[in-house]
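# Observations on the three-dimensional arrangement
This is what each chain is made of:
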Amino acid sequence: MQRAIDTLIFDLGNVLIRWQARPVVEDICRKTGVDFGDFWDNRLEAWNRRWDSGSMAEGAATTAKEFPAYAAVCHSFCERWIEMLGEPIEGSVKILEDMKASGYRLYAGSNWASDTFELARPRMPFLSLFDGLHISGHIGCAKPSPKFFTTLLDKFSVKPEQAVFIDDKSENISAAQSVGLHGIQFQNPAQLSDSLRVLGVRI
């Protein structure tokens, strides 16, 4: 009898590897004289999503030209990006390993600029566990656009009703659910394990 769920799709940042941007961005803003609260609350997320749809170096350079008052911040963010990347989240990686051993299909679906993704690869040995990677910078489209998910489903021949998408952001979960995927908003590895069991995933 076929399992109801046969595919798991994982976001990467803050699900499988820690993303620790705030201290670095605070330091960048302090050194460039930019108001941290305004940049963090009103600009960074939208700009970073734009940069994640291609190359960060190219995107940050374009944004710096469009918003010269933030040029130094944009360039420093790009140059110091690797400082924002933390260590793998061990409990989540263990779940990924267990799911691989149990025979589930595994895919990564993450917002990540094409150039910084390559910089990060050495810190993410768990990428070898995935059957395929769907990275926004490679496809030119970022979450929460439904297109991000529909192209993933098509590329890997995934049936949405038999797949679970795991992400730390509610807007991305909503977008995944809009195309028929099950969704789990990640909080911590223990909560993820419990949520997967509720969906009938053997863990």
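Residues numbered from 1 in each chain as written. Predicted model: local features only at pLDDT ≥ 70, side-chain atom pairs only at ≥ 80, totals over all residues. Heavy atoms only, no water.

## Describing the overall build of the chain
A tally of helices and strands in the chain yields 11 helices and 7 strands. Relative to its length of 203 residues, the chain is compact, with a C-alpha radius of gyration of 18 Å against a globular reference of 17 Å. Here the chain holds 203 residues, and the buried ones make up 49% of them. When the accessible surface of the chain is summed, it comes to about 9,400 Å², and 50% of that surface belongs to carbon and sulfur atoms. (Helix = DSSP H or I, 4+ residues; strand = E, 2+ residues; numbered from the N terminus. Rg over C-alpha atoms; globule rule 2.2 N^0.38 Å. Buried < 20%, exposed > 50% of the residue type's maximum accessible area, 1.4 Å probe, protein only. Areas by Shrake-Rupley, 256 points an atom, 1.4 Å probe, with all protein chains shown as cover.)

## Considerations on helix α1 (residues 22-32)
The complete set of buried residues in α1 reads Val24, Val25, Asp27, Ile28 and Cys29. Considering only its buried residues, α1 is in contact with α2 (36-42), α3 (44-51) and α5 (71-79). The first or second residue beyond α1 is glycine 33, which carries a positive phi of 75°. (Contact = heavy atoms within 4.5 Å.)

## Remarks on the environment of arginine 80
By the element assignment, arginine 80 lies in the loop between α5 and β3 (85-88). A C-alpha to C-alpha distance of 9.8 Å links arginine 80 and alanine 21, two positions 59 residues apart in sequence.

## As for the sheet that holds strand β4 (residues 105-110)
The 5 strands lie next to each other as β5-β4-β1-β6-β7, forming an open sheet whose pairing is parallel. Edge strands, defined here as strands with exactly one partner in the open sheet, are β5 (132-135) and β7 (182-185). Taken over all neighbouring pairs, the strand axes of this sheet differ in orientation by 20° on average, direction set aside. Note: strand β1 (residues 7-10) against strand β6 (residues 163-167), 4 bridges, orientation parallel. If you follow isoleucine 9 over to β6, its bridge partner there is phenylalanine 165. Those strands touched by helix α9 (residues 146-156) are β1, β4, β5 and β6, and its axis lies near 155° from that of β5. (Pairing = 2+ DSSP bridges. Axes fitted to C-alpha atoms, helices over the stretch in contact; angles between N-to-C directions.)

## What to know about the packing of aromatic side chains
Tallying each qualifying case throughout the model produces 14 aromatic pairs. Centre to centre, the rings of phenylalanine 39 and tyrosine 70 are 6.2 Å apart; their planes meet at 25°, and the pair counts as stacked. Within this pair, whereas phenylalanine 39 is found in helix α2, its partner tyrosine 70 is found in the loop between α4 (56-66) and α5, the two being separated by 31 residues in sequence. Each ring, one from tryptophan 47 and one from phenylalanine 67, has its centre 4.9 Å from the other, and the planes form 40°; the classification is tilted. (Phe/Tyr/Trp six-rings, centres within 6.5 Å; stacked < 30°, edge-to-face > 60°.)

## Quick word on the pattern of salt bridges
All told, the structure shown has 14 salt bridges when counted by the stated rule. In this structure, arginine 50 engages glutamate 66 in a salt bridge whose closest nitrogen and oxygen atoms are separated by 3.0 Å. Remark: glutamate 66 occurs in helix α4 and arginine 50 occurs in helix α3; sequence separation between them is 16 residues. Its relative accessible area of 40% is what places arginine 50 among the partly exposed residues. According to the relative accessible area criterion, glutamate 66 is partly exposed, its value standing at 45%. Between lysine 143 and aspartate 167 there is a salt bridge whose closest N-O contact spans 2.7 Å. Of this pair, lysine 143 sits in the loop between α8 (136-139) and α9 while aspartate 167 sits in strand β6, and the two are 24 residues apart along the sequence. Just as lysine 143 is buried, aspartate 167 falls in that class too. Each of Asp27, Arg30, Lys31, Arg80 and Glu83 takes part in one network of salt bridges that share partners. (Salt bridge = Lys/Arg side-chain N within 4 Å of Asp/Glu carboxyl O.)

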